[in-house]
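This is what each chain is made of:
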Amino acid sequence: MSDTEFTALRALYRLPEPEVLQALLPAAASTPQELDSIRERARGLIAELRAGRHLGWIDRFLHEYGLNTEEGVALLGLAEAYLRVPDAFTADRLVQDKIGPGDWGAHAGASPSLRVNGATLGLMLTRYLVDEAEGGPVRRLVHRMGEPAVRAGVAAAMQMMGEQFVLGRDIDEGLKRSRRGAGAIFRYSFDMLGEGARTRADAADYQAAYLEAIAAVGRSAEDEDVFARDTVSVKLSALHPRYEPLQADRCVPELTALVLQLAHAAKAAGIGLTIDAEEADRLEMSLRIIASVMADPALKDWEGLGMAVQAYQRRAAAVVTWADQLSRASGKRMTVRLVKGAYWDTEIKRAQEQGLVDYPVFTRKAATDVSYLACARALLAAPRLYPAFATHNALTAATIMQWAGARRDFEFQRLHGMGVGLYEGLIEHAGVNARVYAPVGGYRDLLAYLVRRLLENGANSSFVNQLADPTIGEAGLLADPVAAIRQVGGAPHPKIPRPADLYGAERRNSQGLDLSDPPAVSAVLAEMQKAWAAEAADPGPPGARLVLDPADHRRIVGAVREADADACGRALAAAVAAQPAWAARPVEARAACLDRLADLLEARRPQLMALAVREAGKTLADAIGEVREAVDFCRYYAARARQDLQPLTLPGPTGETNELRMVGRGVFLCISPWNFPLAIFTGQVVAALVSGDSVIAKPAPQTPLMARRAVALMHEAGVPEDVLHLLPGGPDVGQALVSDRRVAGVAFTGSTATARRIARTLLEDDQRPLSPLIAETGGLNAMIVDSTALPEQVVADVITSAFRSAGQRCSALRLLCLQEDVAPAILEMLEGAMAELRIGDPADPSVDVGPVIDAAAAERLRGYIARNAGRVLAACALPPAAADGHFVPPTVIRLDRIEDLTEEWFGPILHVVTWRAEELEAVVRRINASGFGLTMGLHSRVGSAQGLVRSLARVGNLYVNRSMIGAVVGVQPFGGEGLSGTGPKAGGPHYLHRFVVERTVSIDTTSAGGNASLMTLDASLEG
Ligand SMILES: Cc1cc2nc3c(=O)[nH]c(=O)nc-3n(C[C@H](O)[C@H](O)[C@H](O)COP(=O)(O)OP(=O)(O)OC[C@H]3O[C@@H](n4cnc5c(N)ncnc54)[C@H](O)[C@@H]3O)c2cc1C
């Protein structure tokens, strides 16, 4: 498939939301007459639904406990985690945590449904049983006896909630249930629960389950018409552990082969197969796979392939056009299931985190509806597409009925457990076809799906939630989305700022790179190639030392001339002389230099990324992160300086002015590490500069080229050359500079041992003013995982935290503490996921783990692994090409006790210990006892466990239920305590204060005569 086929699709992605919507409005609009009929039909459907004939207890239950209530959120949390907890101790804590604090009494008798009120009573009783604060011997007795009963009750309730949305535990049970009762009038599409496989083994199990389902559904197929038969729906993320844009070169062909296998089986079974739609960054890959399956000659006469299109995506209309062209080109019919989309909140968050130009989805609910209608119109007009309209919204369904007229060559679709009433009536009275999407599987695989359903039912923007809400009148349910969008001119939702505007007026968010956009990625890669060529061609100044690529030490990256004593002396003298004038400049002028620098860094991003890859061995994703962090530092410190470094007028007695001013200390020495050669380097230097200090920057000897590039940009941004000096060199240069009395302060990031040496040197000279040291050092960072955690999420976060950047981040995970009940399963999944990591030259965008920085580091780490060979639980294999670089395989080492980890191993080495359910508090205390206090991670769904760890952990950065690296400037100010650093935190609101001295000036304004201002007060008041 050629790239040009995606041109229209990609163009839509880049257009502003109003423009995309303007183009959709004509197709989405109905005539006034049509609107009348649509409303009439919808009114009838709504009245019938509201009369309660079809409104199930679960609808009412989920409405009663909507996500706008504390209890609703608690139930969602319980449902998400409870069924996977293997041990009674943690299960009880989870129930107590979720049910204990809720005000269940407030819901008593509130629902029109007896069953909902019954459930509320059950929850009230549960709360009573788990409430430890309630005293009395009888209650305590009930409490003790009650625990197993509560556990059984909650498990049954969660199972029931699950069963509401899942048709059966396996395909046979699903098929059997589909033939019974009200369900019998529907067609079915069976989905094998499971998504987001992390390992090959899991993916293979899902593939086998799909094959089995296809065969079973085929055996039970009776209808002549293939479109009327039951089908199977498949999620591609279940079939491959690395279904990601940067892995497209392997996952697309592998997935194509897997889907072809399923399609051939479906053809043989005489049934259809539909590919579900998942996250927006997977869209293009899924289309490539679908196109290959459509083009397969062996499937020439099989018209069973289907695909889902998400209307909430801005590209939806273009995807429908693409599908139309594909079906025409292949001469075959294809089913298109039109859905609105199930991952909206995830898409918004992800785009903000990644600093994308805009969102892949619409930001107003009405916009999604408009897009849905425009796509529906296009589907009805496409001759070779078989439309399947998946919605539970009566107004949407009524509109389609209106437009379809007498046609019945399409179908509606609903999810099992939802929308029964809507379609029973339409089947009965209007003779439409309707299909149920029916998930099948065990409880373990149910959770991700169940959470999406609960979110859908519980969100007050969703139709099903509004239907169950008696305060929302008919007019609200029948509001025309086209009119709503016209009224606001398609403007985006005012409360959802574009990713660039996330930080409001304070500063612009740094630009990310959309890794799912192949042309954007290719353009950056091409620029990086050019930069590599130019750098390598530059022989550097005479006497220069060559800088070699850590991924391949035969490759020259550039050359550097290191500073000698003369250069150091000259730079210091110049910096001392230049500082007063620099400090005298208004804060605004210095801050403006930082803003210009941020723009320059973004403009030269590919060149900087090129250096991050070749000089520091960073992967593409890390290189993007590196530039973004540097940009964020500039804009954040500029904003903080404007706010914090202004003179403050202080209150005091009349006849006197009192002012506090913040003034640069003098010359600041910034000593930065190689692991963030641009970000940390820039952060330290610009903080000092904006505070009014002149700066001597001493980068790590491993990454002088990046520092040179950064300093050149700083000068270009307007920082005078005599204010900022670069002195490349090793520890001797650093030591000489630290010892110099002219240095008024040191910002250092590196090892605890070096920080100590610097601190000692600063104090050695009796004649020297006491100078501040801002030190950020290492840590023995631990992640604690209890049995409520989601293993798939834990494994993804462990891989990111321990192995990204080859473990060469101060924040990286070093010690994984797993609750023993879940340790074997998580370790097995971790090993499987590690086997999927790509290790190699980071210039290849698909590489996950690059080299460590130099030969010395590699040797030390390899030696450590060799000495612990008997304790290795899992290790990645290195590719043959790794022999020419400093590669260390990601490795997991088992320890007996937390205390056995005494040293920071700065590389891709993860240690693992286990703990017993009752030991959480002891685990945190033992981790604290190491004396390091940088980062800590916790994976637990139990709020009280989160509270406990939060109150006990002595760390600078605690991360709960996420990875523990990638602190964002101004969002997660970064830095540790104890052996991990002095503070204040980099990227935090107190950082700049360490770079300045404070001076107050008090002036007695009456000394030259009387207190004129006091004497004129009355007059001014009267005036
Ligand atoms: C048979 C079937 C198959 C499905 N398959 C898939 C699939 O493959 N992939 C998938 O992603 N989903 C799938 N879904 C889920 C589907 O996306 C949801 O059920 C659907 O969004 C609900 O739409 P509705 O018309 O019933 O509800 P409505 O309440 O009318 O619409 C809800 C939609 O509005 C969106 N929305 C809410 N607030 C905003 C906002 N501020 N801005 C923009 N949009 C907003 C929601 O995200 C949701 O998409 C499927 C659903 C069905 C019935």
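Right, let's talk about the layout of surface pockets for a bit. Approximately 920 Å³ is the volume attributed to the second largest pocket. As for the second largest pocket, its lining consists of 32 residues, of which Trp674, Phe748, Gly750, Ser751 and Thr754 are closest to the centre. If you list the elements that add at least two residues to the lining of the second largest pocket, you get helix H30 (731-739), strand S16 (743-749), helix H31 (752-764) and helix H34 (855-867). Taken together, the residues that form the lining of the second largest pocket break down as 15 nonpolar, 12 polar and 5 charged.

Under the criterion given, the structure shown has 14 aromatic pairs. On the numbers, 6.2 Å between centres and 55° between planes, the contact of Phe389 with Phe412 is tilted. With Phe389 in strand S6 (residues 385-390) and Phe412 in strand S7 (residues 411-415), this residue pair connects regions lying 23 residues apart in the sequence. As far as the burial class goes, Phe389 and Phe412 line up, both buried. Summarising the aromatic geometry, the rings of Tyr991 and Phe995 are spaced 5.1 Å apart at their centres and angled 65° between planes, so their arrangement reads as edge-to-face. Phe995 shares its class with Tyr991; the two are buried. The ring of Phe227 is capped by Arg333, whose NZ or CZ atom sits 5.2 Å from the centre of that ring. Looking at Lys618, its charged tip hangs above the ring of Phe676, at a distance of 4.1 Å from the centre.

Moving on, we come to the environment of Gly272. Among the secondary structure elements, Gly272 is positioned in strand S3 (residues 272-275). Here Gly272 falls in the buried class, since its relative accessible area comes to 5%. Put simply, Gly272 and Glu474 are 202 residues apart on the chain and 38 Å apart in space, counted from C-alpha to C-alpha. Excluding residues that lie within four positions of it along the chain, Gly272 makes contacts with Asp230, Thr231, Val232, Trp302 and Gly304.

Close to the ligand lie 31 residues; Gly341, Thr368, Thr391, His392 and Phe463 are nearest. Between Ala342 and the ligand, the recorded distance is 2.9 Å, taken from a backbone N or O atom to an oxygen atom. Between the ligand and His392, the relevant distance is 2.6 Å, taken from an oxygen atom to a main-chain nitrogen or oxygen of the residue. For the ligand, the protein covers 93% of the area, taking 960 Å² as the surface of the free molecule. If you list the elements that add at least two residues to the shell around the ligand, you get strand S4 (305-310), strand S5 (334-339), helix H16 (365-381), S7 and helix H19 (443-458). Broken down by class, the residue content of the shell around the ligand amounts to 12 nonpolar, 10 polar and 9 charged.

Counted residue by residue, S6 has 6 buried out of 6 residues, so it is predominantly covered. Residue alternation in S6 divides its side chains into two sets, Leu385, Pro387 and Phe389 and Tyr386, Ala388 and Ala390, and both sets are buried. Where S5 lies against S6, 5 bridges are found, and the strand directions are parallel. Bridging across to S6, Leu338 finds its partner in Phe389.

A few words on the environment of Ala316. Mapped onto the fold, Ala316 is located in helix H14 (residues 316-330). As for Ala316 and Leu236, which are separated by 80 residues in sequence, their C-alpha atoms are 19 Å apart. Dropping the residues within four chain positions of it, Ala316 is found in contact with Val309, Gln310, Ala311, Ser371 and Cys375.

Rules behind the numbers
- Residues numbered from 1 in each chain as written.
- Predicted model: local features only at pLDDT ≥ 70, side-chain atom pairs only at ≥ 80, totals over all residues.
- Heavy atoms only, no water.
- 1 Å grid on protein atoms, 1.4 Å probe; cavity = no way out; pocket = protein on both sides within 12 Å on 5 of 7 lines; lining within 4 Å.
- Points joined across faces, edges and corners; volume = space filled by probe spheres on them.
- Helix = DSSP H or I, 4+ residues; strand = E, 2+ residues; numbered from the N terminus.
- Nonpolar A, V, L, I, M, F, W, Y, C, P; charged D, E, K, R; others polar.
- Phe/Tyr/Trp six-rings, centres within 6.5 Å; stacked < 30°, edge-to-face > 60°.
- Buried < 20%, exposed > 50% of the residue type's maximum accessible area, 1.4 Å probe, protein only.
- Lys NZ or Arg CZ within 6 Å of the ring centre and 35° of its normal.
- Contact = heavy atoms within 4.5 Å.
- Near = heavy atom within 4 Å.
- Polar contact = N/O pair within 3.5 Å; in protein donor to acceptor, adjacent residues only side chain to side chain.
- Areas by Shrake-Rupley, 256 points an atom, 1.4 Å probe, with all protein chains shown as cover.
- Pairing = 2+ DSSP bridges.

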